[in-house]
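This is what each chain is made of:
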Amino acid sequence: MNRKYAFSPTLLPVLFAGLACVPTGVQAQDNSATTPKQDHILIERGKALLGQYQCGSCHTIPDVPIARGPVAQPLDAWSQRSYIAGRVPNRPDTLARWIIAPQSLVPGTAMPSMGVSPEDARAMAAFLFSLE
């Protein structure tokens, strides 16, 4: 049986997101085991970093008191979301890449690059994925 598939050019950024230029130092998520205490420390660090990088200027973020921005999507229940920016599969390693260089995953997005290091981005992603 010969099937023809419809293809939409608007899906190209999504299909090739994994091939996009990734800033130096960005690596896939480390799957090594961590202790609950290490996880807690990483999550708390990520929470503090979201305030430090002023993500709350645009986003409302639960448990981050200064994060009451009315401009962008609220980040509550982040772990329940399927996509980042409605286009990129929502996984911790991909979220860290998004935080570092959003334009590399979704060209033209309104999300700015804030100069976040890969280590800081992993912590911020850990906190966001703790939000259920």
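Data block above holds the structure.
Notes on the structure in this doc start here.

Cut-offs used in this document
Residues take numbers from 1 onward in each chain, read along the sequence in its written order. Where totals are concerned, whole chains, interfaces and linings use all residues; where local detail is concerned, this predicted model gives features only for residues with pLDDT of at least 70, and gives and counts side-chain atom pairs only at 80 or more. Note that the side-chain values use all heavy atoms of the structure and ignore hydrogens as well as water. In DSSP terms, a helix is any run of H or I states spanning at least four residues, a strand is any run of E spanning at least two, and both are numbered starting from the N terminus. Exposure is judged per residue with a 1.4 Å probe applied to protein chains only, and the accessible area is read against the type maximum: over 50% gives exposed, under 20% gives buried, and values in between give partly exposed. For this analysis, residues touch if any pair of their heavy atoms sits within 4.5 Å. When a carboxyl oxygen of Asp or Glu is within 4 Å of a side-chain nitrogen of Lys or Arg, the pair counts as a salt bridge. Residues belong to one nonpolar core when they are buried, are Ala, Val, Leu, Ile, Met, Phe, Trp, Tyr or Cys, and are joined through side-chain atoms within 4.5 Å.

## Thoughts on the side chain of Thr109
And then number 1: One can find Thr109 in the loop between helix H4 (102-105) and helix H5 (118-130).
And then number 2: Judged by relative accessible area, which is 18%, Thr109 ranks as buried.
And then number 3: Those residues in contact with Thr109, other than ones at most four positions away along the chain, are Trp98, Pro102 and Gln103.

## Considering the pattern of salt bridges
And then number 1: The final tally for this structure, using the stated rule, is four salt bridges.
And then number 2: Ionic pairing is found between Arg81 and Asp76, a salt bridge with its closest N-O pair at 4.0 Å.
And then number 3: A single network of salt bridges, built from pairs that share partners, joins Arg45, Glu119 and Asp120.

## Examining the environment of Gln54
And then number 1: Locating Gln54 in the fold gives a position in the loop between helix H2 (36-52) and strand S1 (83-84).
And then number 2: Expressed as a C-alpha distance, the spacing of Gln54 and Ala67, which sit 13 residues apart in the sequence, is 7.6 Å.

## Focus on the nonpolar core
And then number 1: Ile61, Leu95, Ile99, Met124 and Leu128 are the most contacted members of the largest nonpolar core, which totals 27 residues.
And then number 2: Going through the elements one at a time, H2, helix H3 (92-100) and H5 are the ones with two or more residues in this core.
And then number 3: Per element, the largest residue contribution to this core is six residues, and it comes from H5.
And then number 4: Ignoring any residue separated from it by four or fewer positions in sequence, one finds Ile61 in contact with Leu50, Cys55, Gly56, Ala67, Arg68, Leu75, Phe127 and Leu128.

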